[in-house]
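# Summary of the model geometry
What follows is the residue order along each chain.
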Amino acid sequence: MRKAFISPTKYVQGEDELLNLGYFVTTFGKKALLIAHADDVSRVKDKLDKTAETFNISFVESNFHGEASRVEVARLQKVAEENECDCVIGLGGGKAIDTAKCVAEGHNLIIVPTIVATDAPTSHSAVLYTEDGQFDDYAYFVQSPSVVLIDTVVIANAPTRFLVSGMGDALSTYFEARATHNSYSNVNAGLPCGAREGVCPPAKGTNTALALAKLCYETILEDGLKAKEASDNNVVTPALENIIEANILLSGLGFESAGLAAIHAIHDGLTVLHDAHGATHGEKVAFSTICQLVLENAPKAELYEVLDFALLIGLPVCLADLGVKEISDAELTEVAEKSCIPEESIHSMPFPITVDQVKAAIIVADKIGTEYKNH
């Protein structure tokens, strides 16, 4: 059996850690292309200026246009080449981070999240969009980022909804890893090196990754509420530190090296619902977690544990929480069909999946969540 595990070369988090960003730039050279939205740059400008002065490095600001598109990637690669940049920094949210991954193509890459809303920062993959914001394609690179650096003071001062959304994404990690493990399915960690062209054979997950996924779940249950309260008050506490690590590192390594299953596939299906567009990725994942637990007929105690936690920190437990007040059978069918396309991770479940099964799971999850919330 071929197994694979992939991770960043260096992960570091701490209060005012941005002041050390210049040091990591010096491990590559003296000049870094900074891919970040102007608003994110302004939030941390003092720290960027100070670390540049301390370590005698310079940032080439890129005027990031805000979309992770092929056109923007090509433009920024030209900026990096013209300015002879030694490395690339992706600072901000998901679009800036994914653009930086594509520009760097997996080499000399530093990721600096300013929110912890998803588990994407540690991964060796990115999502590309068209110029008008429509999904284009997934991109995979030969390695994960060289450095993932998180300033916990910056995270503590970001809107709490992002932290909670990140916990929604992290909530899925163990359940999808468990399903993938039980079905002996392939994991994303085996995808680089041109796997789509057949250069590399597929790989299964490691016991290490499964253990990290389980620790992720245990951590968010233990410290999730305390971390939310710290974020509400814009302070850094041990609980907030633990949840930042769970949202980014544990969940990131877990999803990529232990596998995805029904939850993220159902999330992808839910994106076809116009009324759900106001919900974040992690919020849709939280409801989809309940759907997978219904789909696999998980023990009642486990289902209620997830429901209790979601309600405790303010994650969705029913379709109405996502903004979907009503759903027709045609819409439900469309969601389920998208969830079940051949390329989706739902086929990593340890039993065959049909569109009707997914429709039933969504209906029942919505009913259980609604009743549990109102009981």
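Per an unreviewed UniProt entry, the recorded name for the protein is Glycerol dehydrogenase, and the organism is Candidatus Enterococcus lemimoniae. In its Sequence similarities (unreviewed entry) section, the UniProt record describing the protein reads: "Belongs to the iron-containing alcohol dehydrogenase family."

### A closer look at the packing of aromatic side chains
Within the structure shown, the criterion is met by 6 aromatic pairs. Their ring planes at 75 degrees and their centres at 5.1 Å tell us that Y23 and F24 sit as a pair that is edge-to-face. On the basis of relative accessibility, which here comes to 43%, the residue Y23 falls in the partly exposed class. Since its relative accessible area comes to 10%, F24 is described here as buried. Between Y174 and Y217 the ring centres are 6.2 Å apart and the planes differ by 20 degrees, which places this aromatic pair in the stacked class. With Y174 in helix α8 (residues 173–183) and Y217 in helix α9 (residues 207–232), this residue pair connects regions lying 43 residues apart in the sequence. The class of Y174 is buried, set by a relative accessible area of 16%. The rings of Y23, F24 and F55 are connected pair by pair, giving a single aromatic cluster. In this structure, K95 packs its charged tip against the face of Y129, placed 4.4 Å from the ring centre.

### Let's talk about the environment of E302
Among the secondary structure elements, E302 is positioned in helix α13 (residues 300–313). Sequence separation between E302 and A96 is 206 residues; the distance between their C-alpha atoms is 36 Å. If sequence neighbours within four positions are ignored, E302 has contacts with F175, R178 and L293. Among the polar contacts made by the side chain of E302, one reaches the side chain of R178 at a distance of 2.9 Å.

### Concerning the packing of α8 against helix α12 (residues 281–295)
Where α8 meets α12, the axes come as close as 10 Å, and the angle between the chain directions of the two elements is 35 degrees. For the crossing formed where α8 meets α12, the hand is left-handed. Contacts between α8 and α12 pair F175, E176, R178 and A179 from the former with T289, Q292 and L293 from the latter. Classifying every residue of the contact of α8 with α12 by side-chain character gives 3 nonpolar, 2 polar and 2 charged.

### Overview of the side chain of D169
Mapped onto the secondary structure, D169 falls in helix α7 (residues 160–171). We note that D169 is buried and unpaired, the nearest opposite charge coming from K284 at a distance of 11 Å. For D169, the residues in contact, after removing those within four places along its chain, are A117, T118, D119, S251, H264, H281, G282 and V285.

What counts as what
Residues numbered from 1 in each chain as written. Predicted model: local features only at pLDDT ≥ 70, side-chain atom pairs only at ≥ 80, totals over all residues. Heavy atoms only, no water. UniProt positions renumbered as here; feature names shortened; annotations may be inferred. Phe/Tyr/Trp six-rings, centres within 6.5 Å; stacked < 30°, edge-to-face > 60°. Buried < 20%, exposed > 50% of the residue type's maximum accessible area, 1.4 Å probe, protein only. Helix = DSSP H or I, 4+ residues; strand = E, 2+ residues; numbered from the N terminus. Lys NZ or Arg CZ within 6 Å of the ring centre and 35° of its normal. Contact = heavy atoms within 4.5 Å. Polar contact = N/O pair within 3.5 Å; in protein donor to acceptor, adjacent residues only side chain to side chain. Axes fitted to C-alpha atoms, helices over the stretch in contact; angles between N-to-C directions. Left-handed = near helix turned anticlockwise from the far one by under 90°. Nonpolar A, V, L, I, M, F, W, Y, C, P; charged D, E, K, R; others polar. Lys, Arg positive; Asp, Glu negative; His and termini not counted. Salt bridge = Lys/Arg side-chain N within 4 Å of Asp/Glu carboxyl O.

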